[in-house]
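Summary of the model geometry
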Amino acid sequence: MLQMIGKRSILMLGMLLGLLVITFSISHIAPGDPAALAAGPDATQEMIDQVREEYGFDKPLVEQFVIYVGGIFEGDLGRSVYTTRPVAQDLMVYFPATLELVIYSILFAIILGVPMGVISAVKQNGWVDNLVRFVSSSGVGLPMFWLGLMLQLYFGLQLGWFPLGGRLDLMTDPPTTITGMYTIDALLTLKFNVFFEALHHMVLPAIALSFPALASIVRVNRAEMIETLSLDYMTNARAQGISKFRMIAAYALKNAMLPTLAIIGLRFGWMLGGTVLIESVFDWPGVGLYALQAVTASDFEPVMAVTLILGAWFMLTNFLIDIIYGILDPRVRGRA
Amino acid sequence: MKDMSRRSFGRLVKACAVAGLAVASLGATMEPATAFERVDGGKVLVIAGRQPVSTLDPSVKYNASIRTLQQALYDALVKYDGNPPQVKPWLAESWEQSEDGKTWIFKLVEGAKFHSGNPVNAEAIKYSFTRTLELNKGPSWMLSDFLKPEGIVVVDDHTVQFNLEKPYAAFLSFLPWWYIMDPAVVGAHVEGDDYGQKWLTENEAGSGPYKLKRFDQGTLYEVERVKDYWKGDGGSNIEGIVYKLIRETSAQRAALMRGEADIVLDLSPDEFDQVAKAKGIKTSTEPALTAFGLKFNTKGKYMSDKNLRKAVAHAFDYDALVAIFNGKAVLQTSPFTDDIKGKIDVPGIPRHDVEKAKEYLAKSQWPEGGIELEYVYVQGLEVERLMGLVLIDNLKPLNITLKMVPLTWPNLVARGSKPETAADLMAIFATPVSVDPDAVAYQYHPDSWGKYYGTHFYDNPKVTELIEKARYTTDWEERAPMYAEIQKLIVEDQPEIFGMMRKRLVAYRDYVTGFSYTPVRMTSEVDYYGLGIGK
């Protein structure tokens, strides 16, 4: 087990470095000139050169790369030309907002998706199964962006049940920053009204973001459950008079959960990328919006930092899933 | 405050119950539209915009959202007001210009003070101009060729003198964008040699009608009205204004309908027409200096041929252009937009005329057509995409095909920076920063080549000479005919398809009072001074 973790960690570091080289090359081959954009449309050549020097864009590419990688080890992710602030400082503000949204989304997808998968497998062609079919095909087919807009227009504007966007009401002060995740910070500082308000703002974006994940969790779980339930040992269990609930929950679900877990992990990784769209619909000030703003300003360093974080995030969730797999299934442990 | 949280809690509970999340409904009643926000009985106006404010520092950067905030927090010597825009006294109550146009003397008003309580004096003026010139960022380019820090002289506490290196007719027209900072406050926050830049990014040191209350980057920016503002309240009755970021225009529309925003700035023409019909909402279309044109690359393989340029310009369906904006646009009758001083209606500016287009094509190097032109526009800008589609249709009779290439703004700017990479046609919106004709004329000077509004690489030595001569001439009677000549020559050379002036579309709740507009402001830029709530 330890050997596996060690091997995988080294592999991950190598992949991250590869990712860094690729993003650095792509962003520097792209034709946009961040210095010219930062200096403004009417700037003189002298003003542009001054900005270029200030940010070190005048140095040779290799030197820039070495400085950049060196900085990363010191926790320095560069400086944004657009916000003029260090990228790490910007991310401290934006990342927790995204993380919070993603966590609620995946929780929503799991809590709703797993039982739905189980019920639709047990009662095939029942109304839950039909609903599941509807949800899973629309989850795969509907663009998340469009779904977000529709939720916003119907539940936000038409019915007025939920806020249109943002993390809190306009005049509410955010809770003292501890984790940067408003619901958690509000609980920690005992501001329950802020907690509920933050939760209220979370509902629509979290549902929109969770939809594709929900769809695949339900599908995989349903398929696995049907397969497991038809196996001989289930027939045996039924013959021995074990209660139906126990049969499903304890025996069948445990085995069906393995592939479901893999999907959850994968989706958790993908979700972080999906937030770009949801965040702009709901004005959720997270890394997605930050990256989008950086891309439209040819602002290299924030783009690289966000890509790096997304990549690391994706690798890390897969890594964790492998470990959990190993714990759940002894056969996996040997094959690192 | 407490009341609002309870309301929000009620809404959450109700929503949860309906969503089947097993929370019992407490029977909270649905609230009607919230309208403007209230804080401790006072009213706070909410404005929705899509562009974040990356910095507040007046010496570092300006764009529509940044300048909205700068104009609220800071004052300048003079201010643009009215339609047509005029330069009005502000911190300066009067000024005079020497015969040779090189010396300007400004008399400051008595009683103006910064938010810190310090007086706005000649020393502060000198400090602020020096800071902007030395940092050489943001608005610095407007004056850097004409004014050096040594040329700014404090005559007495309320008199400041500018000695220009050479006469510059447009000098005064740029001063509204040079905001005055409190030297003591900036000085207290200098780190190393940064001239206070780090601190001024998210803080202010101004004397404007509002002071900064919250700078919540990526979410909102809130300002609080200065009750004893030295120039009076301008009819305002509110506590403050929140500039809230709502990035999707459809979400802005929803926020306005629900009363979560009182003024929205970025609606599309269709959305604008929808909200105009709604109860409780007022709309206005405001004229603007912004020009939309299709720049030809006059140094390119095809568009260096003047007859081809003329052919395309006559094939273009100008009415379709106005239709794309649901009629909320006016066609340009000169390279200069309306409200630019000295603008004339140039006779013979091309209009849709297929026969004429064919005549010009016959005189070009490609009399039979058979070529493909490249049209580059900003990705995601629907109106520019529609424009391309119209153009494809328009060019068919000339046997010319059009390749549409959408690019992100940085990539578009990069392509337009050199004649070798610039596209045959590029869709460009450009807003001059001043109403002086020099600001527009200079876009056709070789110094502008490669800038986003200079992707035409237009080169006519006679025009260049006239532009230079006119900018150093101080007597308007002498300048006016020069600019008339410049406009005629540019139209004759056809370095672009002169398009239209799109109107600004502003929608607001009907209780908003004191909304004023001057065409020199950029799209989505608002002047907070005098805004109020009428109920």
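Scoring rules and cut-offs
- Residues numbered from 1 in each chain as written.
- Chains lettered and ligands numbered in written order.
- Predicted model: local features only at pLDDT ≥ 70, side-chain atom pairs only at ≥ 80, totals over all residues.
- Helix = DSSP H or I, 4+ residues; strand = E, 2+ residues; numbered from the N terminus.
- Buried ≥ 20, exposed ≤ 12 C-beta atoms within 10 Å, placed from the backbone.
- Contact = placed C-beta atoms within 7 Å.
- Nonpolar A, V, L, I, M, F, W, Y, C, P; charged D, E, K, R; others polar.
- Core = buried A, V, L, I, M, F, W, Y, C linked by C-beta atoms within 7 Å.
- Pairing = 2+ DSSP bridges.
- Axes fitted to C-alpha atoms, helices over the stretch in contact; angles between N-to-C directions.
- Expected span 1.5 Å × (residues − 1).
- UniProt positions renumbered as here; feature names shortened; annotations may be inferred.
- Parallel < 35°, antiparallel > 145°, perpendicular 65-115°, else oblique.
- Left-handed = near helix turned anticlockwise from the far one by under 90°.

Looking only at helices and strands, chain A has 14 helices and zero strands in total. Dimensions of chain A along its principal axes, counting C-alpha atoms only, are 85 × 55 × 40 Å. Taken over 336 residues, chain A has a buried fraction of 43%. Summarising the internal contacts of chain A: among those between residues at least 6 apart in sequence, 71% fall at separations of at least 24.

Okay, the interface of chain A and chain B next. At the interface, 50 residues of chain A touch 51 residues of chain B. Among the elements of the structure, helix H2 (34-39), helix H3 (45-54), helix H5 (87-122), helix H7 (144-158), helix H9 (192-229), helix H11 (244-282) and helix H12 (287-295) of chain A are those that each provide at least two residues to the side of chain A that touches chain B. In terms of residue count, the dominant contributor to the side of chain A that touches chain B is H9 of chain A (six residues). In terms of residue class, the side of chain A that touches chain B is built from 26 nonpolar, 18 polar and six charged.

Take the nonpolar core next. If you look at the biggest cluster of nonpolar residues, it comprises 242 residues, and the most contacted ones within it are Ala 76 and Ile 241 of chain B. Ranked by the residues each element gives to this core, the list is headed by H9 of chain A, at 20 residues. Contact partners of Ala 76 of chain B, with chain neighbours within four places excluded, come to Trp 90, Leu 91, Leu 175, Pro 176, Trp 177, Trp 178, Tyr 179 and Ile 180 of chain B.

This part is about the sheet that holds strand E19 (residues 496-502) of chain B. Residue and element names in this part refer to chain B. Strand order in the open sheet formed by six strands is E15-E19-E14-E18-E16-E17, with mixed pairing between adjacent strands. Each edge of the sheet is formed by a strand with only one pairing partner; in this case those strands are strand E15 (329-331) and strand E17 (400-407). Along the sheet, successive strands turn relative to each other by an average axial angle of 25 degrees, direction set aside. Seen against the sheet, helix H12 (residues 382-395) touches strand E16 (371-378), E17 and strand E18 (425-430) and runs at an angle of roughly 170 degrees to E17.

With that settled, the discussion passes to the sheet that holds strand E7 (residues 152-156) of chain B. Residue and element names in this part refer to chain B. Strand order in the open sheet formed by four strands is E5-E6-E8-E7, with antiparallel pairing between adjacent strands. Edge positions in the sheet fall to strand E5 (92-97) and E7, since each of these pairs with one other strand and no more. Adjacent strand axes in the sheet meet at a mean angle of 20 degrees, parallel and antiparallel pairs treated alike. Inspection of the sheet shows E7 paired to strand E8 (residues 159-163) by four bridges, in the antiparallel sense.

Residue and element names in this part refer to chain B. Among the eight residues that make up strand E2 (residues 42-49), six are buried, leaving the element largely enclosed by the rest of the structure. Pairing of E2 with strand E11 (residues 240-245) involves six bridges; the strand directions are parallel. Bridging from a neighbouring strand, Ala 48 pairs with Lys 244 of E11. Inspection of the sheet shows E2 paired to strand E12 (residues 263-264) by two bridges, in the parallel sense. Counterpart to Ala 48 in the pairing with E12 is Val 264.

Let us now look at helix H13 (residues 300-328) of chain A. Over its 29 residues, H13 of chain A extends 42 Å from the first C-alpha to the last, a length consistent with the 42 Å expected when each residue adds 1.5 Å. Those residues of H13 of chain A not exposed but buried are Phe 300, Glu 301, Pro 302, Val 303, Met 304, Ala 305, Val 306, Leu 310, Trp 313 and Thr 317 of chain A.

Here we take up the environment of Lys 43 of chain B. When you line up the elements, Lys 43 of chain B lands in strand E2. As a C-alpha pair, Lys 43 of chain B and Ile 241 of chain B span 198 residues in sequence and 8.8 Å in three-dimensional space.

As a further point, take the UniProt feature "transmembrane region" (unreviewed entry) in chain A. Residue and element names in this part refer to chain A. Mapped onto this numbering, the UniProt entry annotates "transmembrane region" (unreviewed entry) at residues 101-122, 134-155, 198-218, 256-282 and 302-328. Along residues 134-155 one finds 91% helix and 0% strand; the C-alpha atoms at either end are 20 Å apart. The span residues 198-218 carries 100% helix and 0% strand; its end-to-end C-alpha distance comes to 28 Å.

What follows is about the pairing of strand E10 (residues 220-225) of chain B. Residue and element names in this part refer to chain B. Among the six residues in E10, five count as buried, and that is most of the element. Sheet topology note: the strand E9 (residues 210-216)/E10 ladder contains six bridges and is antiparallel. Bridging across to E10, Phe 215 finds its partner in Tyr 221. The loop that links E9 with its antiparallel partner E10 comprises three residues; one of these, Gly 218, has a positive phi angle of about 85 degrees. For E10 and E11, the ladder comprises five bridges, and the chain directions are antiparallel. Of the residues in E11, the one forming a bridge with Val 223 is Ile 241.

Residue and element names in this part refer to chain A. Following both chains from N to C, one finds H11 and H13 inclined at 170 degrees, their axes separated by 9 Å at the closest point. Taken together, the axes of H11 and H13 are roughly antiparallel relative to one another. As H11 packs across H13, the resulting crossing turns out to be right-handed. Seen from H11, the contacting residues are Leu 258, Leu 261, Ala 262, Gly 265, Phe 268, Gly 269, Leu 272 and Gly 273; seen from H13, they are Leu 310, Trp 313, Phe 314, Thr 317, Asn 318, Leu 320, Ile 321, Ile 324, Tyr 325 and Leu 328. Partitioning the contact of H11 with H13 into residue classes produces 13 nonpolar, five polar and no charged.

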